[in-house]
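Structural description and commentary
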Amino acid sequence: MVTDGAERHPGCPGEPADGEELVVGHGRILTPRATRESSPDSREPGPRPPLGALVLDDDSAVELNADCVVGREPTLDPSVVAGEAHPLCINDEAVSRVHARVHLDGWRVFLMDLGSVNGTRIRPPGKRSDQALQPNVPVPLQSGTRVFVGTQGFRYESHHGR
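What counts and how
Residues numbered from 1 in each chain as written. Predicted model: local features only at pLDDT ≥ 70, side-chain atom pairs only at ≥ 80, totals over all residues. Heavy atoms only, no water. Helix = DSSP H or I, 4+ residues; strand = E, 2+ residues; numbered from the N terminus. Buried < 20%, exposed > 50% of the residue type's maximum accessible area, 1.4 Å probe, protein only. Contact = heavy atoms within 4.5 Å. Areas by Shrake-Rupley, 256 points an atom, 1.4 Å probe, with all protein chains shown as cover. Core = buried A, V, L, I, M, F, W, Y, C linked by side-chain atoms within 4.5 Å. Lys, Arg positive; Asp, Glu negative; His and termini not counted. Salt bridge = Lys/Arg side-chain N within 4 Å of Asp/Glu carboxyl O. Polar contact = N/O pair within 3.5 Å; in protein donor to acceptor, adjacent residues only side chain to side chain. pLDDT = per-residue confidence, 0-100. Pairing = 2+ DSSP bridges.

1. Concerning the overall build of the protein
What the protein contains, in helices and strands, is one helix and 13 strands. Listing each helix as α and each strand as β along the protein from the N terminus yields β-β-β-β-β-α-β-β-β-β-β-β-β-β. A burial count over the protein gives 43% of its 162 residues as buried. Partitioning the contacts of the protein with sequence separation of at least 6, the portion at a separation of at least 24 is 45%. Carbon and sulfur atoms provide 48% of the accessible area of the protein, an area that totals close to 8,900 Å².

2. Quick look at the nonpolar core
As a rule of thumb, soluble globular proteins bury nonpolar side chains together. Within the largest apolar cluster, 23 residues are counted, with the highest numbers of intra-cluster contacts made by L54, L64, L88, V102, V109 and L111. Within the residue set of this core, elements represented by two or more residues are β3 (53–56), β5 (67–71), β6 (85–90), β7 (100–105), β8 (108–113), β12 (146–149) and β13 (152–157). Here this core takes three residues from β7, the largest share from any one element. Beyond its immediate stretch of four places on either side in the chain, V102 contacts L54, L64, D67, C68, V109, F110, L111 and F154.

3. Examining the side chain of D92
Looking at the secondary structure, you find D92 in the loop between β6 and β7. Comment: no salt bridge for buried D92; closest opposite-charge side chain is R72, at 7.1 Å. Only 2.5 Å separates the side chain of D92 from the side chain of T151, close enough to count as a polar contact. Apart from the residues within four sequence positions on either side, D92 is in contact with R72, V149, G150, T151 and Q152.

4. Re the confidence of the model for the protein
Atomic detail in the predicted coordinates should be set aside for any region of low pLDDT. Summing up the model confidence of the protein, the mean pLDDT is 80 and the portion of residues at 70 or higher is 72%. Confidence drops under pLDDT 50 across residues 1–11; counting only partners more than four residues distant or on other chains, this segment forms 27 contacts. Between residues 15–39, whose pLDDT stays under 50, and residues either more than four places distant or in other chains, the model counts 72 contacts.

5. Some remarks on unusual backbone geometry
The phi angle at D59 is positive, at roughly 70°, despite the residue not being glycine. Turning to its location among the elements, D59 is positioned in the loop between β3 and β4 (61–63). Among the residues examined, D59 registers a relative accessible area of 62% and is labelled exposed. Of note in this structure, N136 is not a glycine but carries a positive phi near 60°. Take N136: it is sitting in the loop between β10 (131–132) and β11 (139–140).

6. Brief notes about the pairing of β7
Here three bridges tie β5 to β7, and the two strands are oriented antiparallel to one another. Looking across to β7, one finds that V70 is bridged to A100. One ladder, built from six bridges, connects β7 with β8; its direction is antiparallel. For A100, the partnering residue across the bridge sits in β8 and is D113. Between β7 and β8, which pair antiparallel one after the other, the connecting turn spans two residues, and G106 there sits at a positive phi close to 65°.

7. Side note on the sheet that holds strand β9 (residues 120–123)
Ordered in space as β4-β3-β13-β12-β9-β10, the six strands form an open sheet in which the pairing is antiparallel. Of all strands in the sheet, those bounded by a partner on one side alone are β4 and β10. As paired strands, β12 and β13 are joined by four bridges and run antiparallel to one another. Bridging from a neighbouring strand, F148 pairs with G153 of β13.

Written as structure tokens, this is what we have:
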């Protein structure tokens, strides 16, 4: 369900598919996909709990229960098309179509610039200056790290405060 009637950016998700919720906030479209639930008869372990949230500049948040691809048109990324990652659409001309990836590996969260034109920067908690990411090199995120893409940004917050 669209919550504020904001206009959709071309290439960003439209109406949500089954099991998805569409939340729109200040030009950003967030579409967390439903987590897969194991059947009681399944021998596979149940789904991992979310590892935190990405808190955007407008204080909206995306729960991290799967990888997240950030960009103007993140639905162009094959992992989003395959349903393996959530798209986080940021409507900013300084943001590449497929700009960065937040990757969950076990119980850790990493950020990787995907070769974006304007780069991705982070500011870990307690630091005064930004650090530019090298393209395609994953960097571990700690809770409270601020991430800058284009003129927009978000903060990673762990549910465990680490």
